[in-house]
Amino acid sequence: MSKIGLVVEGGGMKCAYSAGVLDKFLDCGITFDYVIGVSAGAANAASFVAGQRDRNLRFYTEYVDDPGYLSIKNFFDDGQAFGLQYIYATLSNSDGKDPLDFPAFIANETEYECVATRRADGKPVFFGKNDMKQDDYTAIMASCALPIYCKPIKYKGKYYYDGGVSDAIPFHRAFEKGCDKVVVISSKPRSFVKKPEGGKHIYRKILKDFPAMINAIDNRHVMYQTTTRNMRKAEEEGKLFVIAPSNPPKMSSFTKDPKVERELYDLGIHDFETLEEELLCFLS
């Protein structure tokens, strides 16, 4: 029997798209042997593994106006645009407004990983269920800590930034973990071409003591382009299936408009329904 993997790309508020696709997976009883997420995609993937339909949607539509979620004020007050502690602790802990069902997450036999970028050397590091416990989702925070917009997350004595810096779409990791076929949910349309990072003078100043991390950010667009080329090759070989936004609304990774987020979520549902028959054939 084939081992099937799922990769959920990051992309900040653009991950409302994967929230829609993942909810349709739950509706249709589609499961995976291995799931890996990046940044906000890691959080979406955790809710999926826990079986919590609609939970991801609420994070993109109901909490975006909460003061601690995402704001310029946060950035100037605390050096973080995204309130990672607020999102992945205050809201997500067992006593929070919208807790992750951690017992269900652990009980699910699906293997889960998220990827973060180690500040010291700019390399990807993979965290699994064993790196998480009830009300301690530091591993997911590490995967989401976007350079410039977030402080690095300290975990087990080391500091980490967003996994998308070093391994934006880790489908190769799924193959390394023994998967025969892999489904990728992208947060960007197939036509997307990543450009060099902006704010170079800012992140180079912030990371002046970590040249390997600077190099990883400088070359992020090269890594992404290489990844997408390799994905196309894997698709041609029949080993990879990509679900990507067919007609995304104009928005950024920092969009806070619930209406736009809902449109993107609904697009995920629409694209799943369009590709459902083809996807089921691939999975069989």
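Residues numbered from 1 in each chain as written. Predicted model: local features only at pLDDT ≥ 70, side-chain atom pairs only at ≥ 80, totals over all residues. Heavy atoms only, no water.

Where do I start with the overall build of the chain in this structure?
Looking only at helices and strands, the chain has 12 helices and eight strands in total. Computed over the C-alpha atoms, the radius of gyration of the chain is 17 Å, within 12% of the 19 Å expected from 2.2 N^0.38 for a compact globule of 284 residues. For the C-alpha atoms alone, the extent of the chain along its principal axes is close to 50 × 40 × 40 Å. Classification of the 284 residues of the chain by burial places 57% in the buried group. Long-range contacts, defined here as pairs at least 24 residues apart, represent 74% of the contacts in the chain between residues at least 6 apart. (Helix = DSSP H or I, 4+ residues; strand = E, 2+ residues; numbered from the N terminus. Rg over C-alpha atoms; globule rule 2.2 N^0.38 Å. Buried < 20%, exposed > 50% of the residue type's maximum accessible area, 1.4 Å probe, protein only. Contact = heavy atoms within 4.5 Å.)

How should I be thinking about the pairing of strand E1 (residues 4-8) in this particular structure?
The side chains of a regular strand alternate, first on one face of the sheet and then on the other. Of all five residues making up E1, five are buried, and the element is well covered by its neighbours. Of the two faces of E1, the one holding Ile4, Leu6 and Val8 and the one holding Gly5 and Val7 are both buried throughout. Pairing of E1 with strand E7 (residues 181-185), which is carried by five bridges, proceeds in the parallel orientation. In the strand pairing of E7, Ile4 is matched with Lys181. In the sheet, E1 pairs with strand E2 (residues 34-38) via four bridges, with the strands oriented parallel. Along E2, the bridge assignment pairs Val7 with Ile36. Note that the unit made of E1, helix H1 (residues 16-28) and E2 has a crossover that is right-handed. (Pairing = 2+ DSSP bridges. Right-handed = clockwise from strand over helix to strand, strands pointing away.)

What should I look at first to understand H1 in this one?
Counted at 1.5 Å a residue, the expected span for H1 with its 13 residues is 18 Å, and the 19 Å between its end C-alpha atoms agrees. A large share of H1 lies buried, amounting to 10 of its 13 residues. Taken residue by residue, H1 has Ala16, Tyr17, Ser18, Ala19, Gly20, Val21, Leu22, Asp23, Lys24 and Phe25 as its buried positions. Among the structural elements, E1, helix H2 (40-49), helix H3 (55-61), E7, strand E8 (240-243) and helix H12 (258-283) are those in contact with the buried residues of H1. (Expected span 1.5 Å × (residues − 1).)

Where do I start with the packing of H1 against H12 in this structure?
Working note: a packed helix pair is described by the angle between its axes plus the distance between those axes. The contact between H1 and H12 brings their axes to 7 Å, and the two run at 45°. With respect to each other, H1 and H12 are oriented oblique. Crossing handedness for the pair H1 and H12: right-handed. Together, Ala16, Tyr17, Ala19, Gly20, Val21, Asp23, Lys24, Phe25 and Cys28 of H1 and Glu261, Leu264, Tyr265, Leu267, Gly268, Ile269, Asp271, Phe272, Glu273, Glu276 and Leu279 of H12 make up the contact between the two elements. Its residues placed into classes, the contact of H1 with H12 shows 12 nonpolar, two polar and six charged. (Axes fitted to C-alpha atoms, helices over the stretch in contact; angles between N-to-C directions. Parallel < 35°, antiparallel > 145°, perpendicular 65-115°, else oblique. Left-handed = near helix turned anticlockwise from the far one by under 90°. Nonpolar A, V, L, I, M, F, W, Y, C, P; charged D, E, K, R; others polar.)

Just to check I follow, could you spell out the packing of aromatic side chains for this structure?
Here the structure, examined in full by the defined rule, presents 13 aromatic pairs. Ring centres 5.1 Å apart and planes at 90° place the aromatic pair Phe127 and Tyr155 in the edge-to-face group. Of this pair, Phe127 sits in strand E4 (residues 124-128) while Tyr155 sits in strand E5 (residues 153-155), and the two are 28 residues apart along the sequence. What makes Phe127 buried here is its relative accessible area of 6%. Where Phe127 meets Tyr160, the ring centres are 5.3 Å apart and the plane angle is 80°; that geometry is what we call edge-to-face. (Phe/Tyr/Trp six-rings, centres within 6.5 Å; stacked < 30°, edge-to-face > 60°.)

Where do I start with the packing of H1 against H2 in this structure?
Between H1 and H2, whose axes approach to 10 Å, the crossing angle comes to 15°. Taken as axis vectors, H1 and H2 run roughly parallel relative to one another. Considering only the axes of H1 and H2, their crossing is right-handed. Here H1 contributes Ser18, Ala19, Leu22, Phe25 and Leu26 to the contact with H2, which in turn contributes Asn44, Ala45 and Phe48. For the contact of H1 with H2, the residue count by class is six nonpolar, two polar and no charged.

Explanation requested: the environment of Asp136 in the structure shown.
If you trace the backbone, Asp136 turns up in the loop between E4 and helix H7 (138-144). Distance from Asp136 to Asp98, taken between C-alpha atoms, is 15 Å for residues 38 residues apart in sequence.

Hey, could you run me through the side chain of Lys129 in this one?
Here Lys129 shows up in the loop between E4 and H7. With no salt bridge to any partner, buried Lys129 finds its closest opposite charge in Glu111, at an N-O distance of 9.0 Å. A polar side-chain atom of Lys129 sits 2.9 Å from the main-chain carbonyl oxygen of Phe105. Engagement of the side chain of Lys129 in a polar contact is seen with the backbone oxygen of Thr110, the distance being 2.8 Å. (Lys, Arg positive; Asp, Glu negative; His and termini not counted. Salt bridge = Lys/Arg side-chain N within 4 Å of Asp/Glu carboxyl O. Polar contact = N/O pair within 3.5 Å; in protein donor to acceptor, adjacent residues only side chain to side chain.)

Interpretation note: all reported values are geometric properties and have no functional meaning in isolation.
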